[in-house]
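If you want the building blocks of each chain, they are given just below.
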Amino acid sequence: MPRIVSRTTDQSDAALIDRCLAGDQEAWTELVNRYSRLVYSIAFKSGLDEDHAADVVQNVFTIVLRRLESLQDTDRFSAWLITTSHRESWRYKKQMREQPLDETFNPVDDEPTAPQQVIAWEQASLVHRALDRLGDRCQRLLRMLFLEDPRPAYEDIAA
């Protein structure tokens, strides 16, 4: 899966979803960038190869786009997205089983359970909230050091 470089915003999922529903393309891009790696990792850990996991990412965000208006609890978007990603991965794998298996299939180690993934994402959310409490300069430095991918050059961090 190609790496996606995103500029991290401080907005909550609910705020981004509201902006998406208002037709803001940048908000949709941010939402996809924020969660595409999570969706990809769920698909990949379910035993799909890189190409099929990328297909699942595309399918999941198509589902998100179609159902965004009917999403009732936007504060639990990440949990809903994890469940949707698991279901789409399972559906994709079932569809693949109906086709002849490739000889090079190599199952991946057991994946963490959905509750473990939700806990991990909730912890990440707490980190982002804690960052929000810091001054602007400290926030920018910590985001550059730990949240931007690829990591910026030392000169950019020093500036």
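Everything discussed here concerns the structure shown above.
Thresholds applied
- Residues numbered from 1 in each chain as written.
- Predicted model: local features only at pLDDT ≥ 70, side-chain atom pairs only at ≥ 80, totals over all residues.
- Heavy atoms only, no water.
- Helix = DSSP H or I, 4+ residues; strand = E, 2+ residues; numbered from the N terminus.
- Buried < 20%, exposed > 50% of the residue type's maximum accessible area, 1.4 Å probe, protein only.
- Contact = heavy atoms within 4.5 Å.
- Areas by Shrake-Rupley, 256 points an atom, 1.4 Å probe, with all protein chains shown as cover.
- Polar contact = N/O pair within 3.5 Å; in protein donor to acceptor, adjacent residues only side chain to side chain.
- Phe/Tyr/Trp six-rings, centres within 6.5 Å; stacked < 30°, edge-to-face > 60°.
- Patch = residues over 30% accessible without salt bridge, like charges linked within 9 Å, V, L, I, M, F, W, Y side chains within 5 Å.
- Salt bridge = Lys/Arg side-chain N within 4 Å of Asp/Glu carboxyl O.
- Lys, Arg positive; Asp, Glu negative; His and termini not counted.
- Charge placed at Lys NZ, Arg CZ, Asp CG, Glu CD.
- Expected span 1.5 Å × (residues − 1).
- Bend = angle between axes of the 7 residues up to and from the residue.
- Axes fitted to C-alpha atoms, helices over the stretch in contact; angles between N-to-C directions.
- Parallel < 35°, antiparallel > 145°, perpendicular 65-115°, else oblique.
- Left-handed = near helix turned anticlockwise from the far one by under 90°.
- Nonpolar A, V, L, I, M, F, W, Y, C, P; charged D, E, K, R; others polar.

**Notes on the overall build of the protein chain**
(1) Moving on: The helix and strand inventory of the protein chain stands at seven helices and zero strands.
(2) Moving on: Ordering the α and β elements of the protein chain from the N terminus gives α-α-α-α-α-α-α.
(3) Moving on: Counting every position in the protein chain, which comprises 159 residues, the buried fraction comes to 33%.
(4) Moving on: Across the protein chain, every contact between residues at least 6 apart in sequence was considered, and the portion connecting residues at least 24 apart equals 61%.
(5) Moving on: Entry remark: accessible area of the protein chain is about 10800 Å², with carbon and sulfur atoms responsible for 51%.

**Considering the environment of Ala53**
(1) Moving on: Looking at the element boundaries, Ala53 is found in helix α3 (residues 50–67).
(2) Moving on: Considering only alpha carbons, one finds Ala53 and Ser41, 12 residues apart in sequence, at a separation of 7.8 Å.
(3) Moving on: With residues near it in sequence (within four places) discarded, Ala53 still touches Tyr40, Ala43, Phe44 and Leu48.

**A short note on the environment of Ser89**
(1) Moving on: Locating Ser89 in the fold gives a position in helix α4 (residues 77–97).
(2) Moving on: Looking at Ser89, the relative accessible area reads 1%, which means it is buried.
(3) Moving on: For the pair Ser89 and Leu48, spaced 41 residues apart in sequence, the C-alpha to C-alpha distance is 7.9 Å.
(4) Moving on: Once you skip the residues sitting within four places of it in the chain, Ser89 turns out to touch Ile42, Ala43, Ser46, Leu48 and Val56.
(5) Moving on: Here the side chain of Ser89 touches Ser85 through a polar contact of 2.9 Å, landing on its backbone oxygen.

**As for the packing of aromatic side chains**
(1) Moving on: For the structure on display, the rule yields five aromatic pairs.
(2) Moving on: Where Tyr35 meets Phe77, the ring centres are 5.4 Å apart and the plane angle is 70°; that geometry is what we call edge-to-face. Highlighted residues: Tyr35 in helix α2 (residues 25–45) and Phe77 in helix α4, separated in sequence by 42 residues. Each member of the pair, Tyr35 together with Phe77, is buried.
(3) Moving on: Taking 5.5 Å as the distance between ring centres and 45° as the angle between the ring planes, the aromatic pair formed by Tyr35 and Trp121 counts as tilted.

**What to know about a negative patch on the surface**
(1) Moving on: On the surface, Asp49, Glu50, Asp51 and Asp55 cluster together into a patch of negative charge.
(2) Moving on: Taking the relative accessible area as the measure of exposure, Asp51 reaches 58% and is therefore exposed.

**Looking at α2**
(1) Moving on: Compared with an ideal rise of 1.5 Å per residue, which puts 21 residues at 30 Å, α2 spans 30 Å between its outermost C-alpha atoms and is within 8% of the ideal.
(2) Moving on: Maximum bend of α2: about 40°, positioned at Tyr35.
(3) Moving on: Just past α2, the residue Gly47 takes up positive phi, approximately 110°.

**Quick word on the packing of α2 against α3**
(1) Moving on: Running from N to C, α2 and α3 point in directions that differ by 135°, and their axes come no closer than 9 Å. The angle between α2 and α3 places the two elements in the oblique class. Here α2 runs over α3; the crossing is right-handed. Facing α2, whose interface residues are Trp28, Leu31, Val32, Tyr35, Ser36, Val39, Tyr40, Ala43 and Phe44, α3 presents Glu50, Ala53, Ala54, Val56, Val57, Val60, Phe61, Val64 and Leu65.
(2) Moving on: Of the residues contributing to the contact of α2 with α3, the split by class is 16 nonpolar, one polar and one charged.

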